[in-house]
There are 2 protein chains.
Amino acid sequence: MTNRLPHSLRYSLRSDARDNRERILAVARTTFAEQGLDVAMREIARRAEVGPATLYRHFPTKAALVTEVFTEQMAACTAIVDEGLADPDPWRGFCRMIERVCELHARDRGFSAAFVSAFPHAIDFAAEREQALGKVAELARRAKAGGKLRPDFVLDDLIMVLMANSGIRTTSPAAAAAASRRFAALLIQGMRAEPAIPPLPPAVRLPLAVVT
Amino acid sequence: MTNRLPHSLRYSLRSDARDNRERILAVARTTFAEQGLDVAMREIARRAEVGPATLYRHFPTKAALVTEVFTEQMAACTAIVDEGLADPDPWRGFCRMIERVCELHARDRGFSAAFVSAFPHAIDFAAEREQALGKVAELARRAKAGGKLRPDFVLDDLIMVLMANSGIRTTSPAAAAAASRRFAALLIQGMRAEPAIPPLPPAVRLPLAVVT
DNA sequence: AGCTAAACGGACGGGGTGTTCCGATAGCGT
DNA sequence: ACGCTATCGGAACACCCCGTCCGTTTAGCT
């Protein structure tokens, strides 16, 4: 009868276990989004109404839980980049991409922190991030070719913008999103190729800080 | 003979105590600057080659040490604002003010964190910050009157910029300063009043997060 | 040099964290 | 209905943190 299970990849997880797993993930998602990654594992277990041991059986370490939680956010991120790339007007696509990525990061503090950091000894989003950055590079190339994006824009500028965006702390998620919108608009204005372009200071490589 | 001490306000601190106090402050300054405020008091005591109790005798709490350490940085901050205000060209003064404040924050992670936070139950820089912000408002008013600064700039935008600047994390202090320079230039470009000014999204109040 | 009070610092308590052990519980196939 | 076993969760471990107590050291005045 086990084969009667709807084509699910979950190899025979007992019903209570599956419920707990999903409740843990839901709780972790909202909590990380609201409070960032500095949430105690105990706290997540408490909110999910399970014991700490149960949490650790499903996710052997905190980094594992974090990566599991943010895999879908990473997908949303690449989807945003893809949509920007699909826009026939590359500059408009570039702008919308930045606006939406900034807002996504503003709405999820944990994802924002995870994105600009690197977890050692854990599957992180390095591969997906690099892939997305490659697409952004293509989008930027087109926007430059269209004459709208200043030619001295580099990819590290985007990393810088996202790091900066993650520094904006507010009380409510709505305020964070609003601040992020204004911030992105200000920066986009600065990235526009102007008739008389004052040169920017040199770009900086921004290697991701390692999270202990 | 105690009166022979050069006009010092230090009421009779024993020589070893004064040495320790100064060494603690020096260590705290550099450590906070490099690593931010999340440094253990023990660690500061260790680097200053004193016991934890000595550290706590000189500064009864961590917040006290932090405020003591960053008082001079706060003075540097207001000095920068004053210099900007003294510039005959208000727009140039405004730009230089932003650049220099951003660089100051980039060079001192601890000060940056302390500036955009509020310590409860501790003398924080609220008064000085408000005073400096008042001067910035005057500078911004002049820059707007000169037609160089976009009219919809608000003071909270500066807070936002400083918060964002504090989110830029790098490996070396030099890289942080360089990134900060580029970041500030990008933002200043966005703050410039353009012939055709695309309206910004609404501004957002950014109450300072409380540090526990 | 000797004495006294100021200053020192190792050890301690209370609370936090990520993670693990193991006896109790409860799903599920029979 | 029963029993096997996957799963649960409270208690515990090891390690951090901030801040304090108290016996020891030492500066500085006579």
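Use the structure listed above.
Below or above, wherever it landed, is the structure these notes cover.

Parameters and conventions
Residues numbered from 1 in each chain as written. Chains lettered and ligands numbered in written order. Predicted model: local features only at pLDDT ≥ 70, side-chain atom pairs only at ≥ 80, totals over all residues. Heavy atoms only, no water. Helix = DSSP H or I, 4+ residues; strand = E, 2+ residues; numbered from the N terminus. Buried < 20%, exposed > 50% of the residue type's maximum accessible area, 1.4 Å probe, protein only. Areas by Shrake-Rupley, 256 points an atom, 1.4 Å probe, with all protein chains shown as cover. Near = heavy atom within 4 Å. Polar contact = N/O pair within 3.5 Å; in protein donor to acceptor, adjacent residues only side chain to side chain. Nonpolar A, V, L, I, M, F, W, Y, C, P; charged D, E, K, R; others polar. Core = buried A, V, L, I, M, F, W, Y, C linked by side-chain atoms within 4.5 Å. Contact = heavy atoms within 4.5 Å. Buried area = accessible area lost by both parts, 1.4 Å probe. Salt bridge = Lys/Arg side-chain N within 4 Å of Asp/Glu carboxyl O. Expected span 1.5 Å × (residues − 1). Patch = residues over 30% accessible without salt bridge, like charges linked within 9 Å, V, L, I, M, F, W, Y side chains within 5 Å. Lys, Arg positive; Asp, Glu negative; His and termini not counted. Charge placed at Lys NZ, Arg CZ, Asp CG, Glu CD.

**Thoughts on the overall build of chain A**
So, step 1. A tally of helices and strands in chain A yields nine helices and two strands.
So, step 2. When the elements of chain A are put in sequence order from the N terminus, they spell out α-α-α-α-α-α-β-α-α-α-β.
So, step 3. When burial is assessed residue by residue, chain A has 49% of its 212 residues classed as buried.
So, step 4. About 10,700 Å² of surface is accessible on chain A, with carbon and sulfur atoms providing 56% of the total.

**Concerning the protein's contact with DNA strand C**
So, step 1. DNA strand C sits among 23 residues. The nearest are A:Met41, A:Tyr56, A:Thr61, B:Arg14 and B:Asn20.
So, step 2. The share of sugar and phosphate among atoms of DNA strand C within 4 Å of the protein is 63%.
So, step 3. B:Asn20 is positioned with one of its side-chain polar atoms (N or O) 2.2 Å from a phosphate oxygen of DNA strand C.
So, step 4. Going through the elements one at a time, helix 1 (15-35), helix 2 (41-47) and helix 3 (52-58) of chain A together with helix 1 (15-35) and helix 3 (52-58) of chain B are the ones with two or more residues in the surface near DNA strand C.
So, step 5. Considering every element that reaches the surface near DNA strand C, the biggest residue donor is helix 3 of chain B, with four residues.
So, step 6. Its residues placed into classes, the surface near DNA strand C shows ten nonpolar, six polar and seven charged.

**Re the nonpolar core**
Taken as a class, soluble globular proteins show a tendency for nonpolar side chains to be buried jointly.
So, step 1. Among the nonpolar cores identified, the biggest contains 125 residues, and A:Phe32, A:Leu65, A:Phe94, B:Phe32, B:Leu65 and B:Phe94 are the most heavily contacted of them.
So, step 2. Those residues within four positions of A:Phe32 in sequence are excluded, and the remaining contacts are A:Leu37, A:Val39, A:Ile44, A:Leu65, A:Val66, A:Val69, A:Phe70, A:Asp108, A:Arg109 and A:Gly110.

**Describing the interface of chain B and chain A**
Accessible area lost upon the coming together of the parts is a frequently used measure of interface size.
So, step 1. Counting residues at the interface gives 36 residues for chain B, matched by 36 residues for chain A.
So, step 2. Roughly 3,100 Å² is buried in total at the junction of chain B and chain A, and carbon and sulfur atoms are behind 73% of that figure.
So, step 3. Of all residues in chain B, B:Met160, B:Arg182 and B:Leu186 bury the most surface against chain A, accounting for 26% of the area lost on that side.
So, step 4. Linking chain B with chain A are two salt bridges.
So, step 5. The salt bridge involving B:Asp157 is made with A:Arg182; its shortest N-O contact spans 2.6 Å.
So, step 6. The element that contributes the greatest number of residues to the side of chain B that touches chain A is helix 9 (residues 173-191) of chain B, accounting for twelve residues.

**Quick notes on helix 8 (residues 155-167) of chain B**
So, step 1. Helix length check: helix 8 of chain B, at 13 residues, gives a terminal C-alpha distance of 19 Å against a target of 18 Å (1.5 Å per residue), a fit within 8%.
So, step 2. For helix 8 of chain B, the tally of buried residues reaches twelve of 13 residues, placing the bulk of the element in the interior.
So, step 3. Among the residues making up helix 8 of chain B, those that are buried are B:Asp156, B:Asp157, B:Leu158, B:Ile159, B:Met160, B:Val161, B:Leu162, B:Met163, B:Ala164, B:Asn165, B:Ser166 and B:Gly167.
So, step 4. The inward-facing, buried residues of helix 8 of chain B abut helix 8 (155-167) and helix 9 (173-191) of chain A together with helix 5 (90-107), helix 6 (109-115), helix 7 (126-145) and helix 9 of chain B.

**Some remarks on the pattern of salt bridges**
So, step 1. As enumerated under the stated definition, the model contains 28 salt bridges over all chains in all.
So, step 2. Across the pair A:Arg181 and A:Glu103 runs a salt bridge whose closest N-O atoms are separated by 3.3 Å. A residue pair is termed long-range when its members are at least 10 positions apart, and A:Arg181 in helix 9 and A:Glu103 in helix 5 (residues 90-107) qualify at 78 residues.
So, step 3. Residue class for A:Arg181 comes out partly exposed when judged on its relative accessible area of 37%.
So, step 4. Using a relative accessible area of 21% as the deciding quantity, one classes A:Glu103 as partly exposed.
So, step 5. For B:Glu138, the salt bridge identified is with B:Arg141, shortest N-O distance 3.0 Å. Pair noted here: B:Glu138 and B:Arg141 are both in helix 7, with a separation of three residues, about one helical turn.
So, step 6. One connected set of salt bridges, linked through shared partners, spans A:Glu43, A:Arg46 and A:Arg47.

**With respect to the protein's contact with DNA strand D**
So, step 1. Around DNA strand D there are 25 residues in total, and A:Arg14, A:Asn20, A:Arg57, B:Ser15 and B:Tyr56 lie nearest to it.
So, step 2. If you look at DNA strand D and keep only atoms within 4 Å of the protein, 65% of those are sugar or phosphate atoms.
So, step 3. A:Arg14 places a polar side-chain atom, nitrogen or oxygen, 2.5 Å from a base nitrogen of DNA strand D.
So, step 4. In the model, a sugar or linking oxygen of DNA strand D is placed 3.3 Å from a nitrogen or oxygen of the B:Arg14 side chain.
So, step 5. Taken together, the elements giving at least two residues each to the surface near DNA strand D come down to helix 1 and helix 3 of chain A together with helix 1, helix 2 (41-47) and helix 3 of chain B.
So, step 6. The element that contributes the greatest number of residues to the surface near DNA strand D is helix 3 of chain A, accounting for five residues.

**Concerning a positive patch on the surface**
So, step 1. There is a patch of like positive charges on the surface, built from A:Arg109, A:Arg169, B:Arg109 and B:Arg169.
So, step 2. Turning to its location among the elements, A:Arg109 is positioned in helix 6 (residues 109-115).
So, step 3. In this structure A:Arg109 comes out as partly exposed when scored by relative accessible area, which is 34%.

**Considerations on the side chain of B:Thr31**
All names here are of chain B.
So, step 1. Structurally, Thr31 can be placed in helix 1.
So, step 2. For Thr31, a relative accessible area of 0% gives the class buried.
So, step 3. When neighbours within four sequence positions are excluded, Thr31 is seen to be in contact with Gly36, Val39 and Arg47.

Everything listed is a geometric property; what it means functionally is a separate question.
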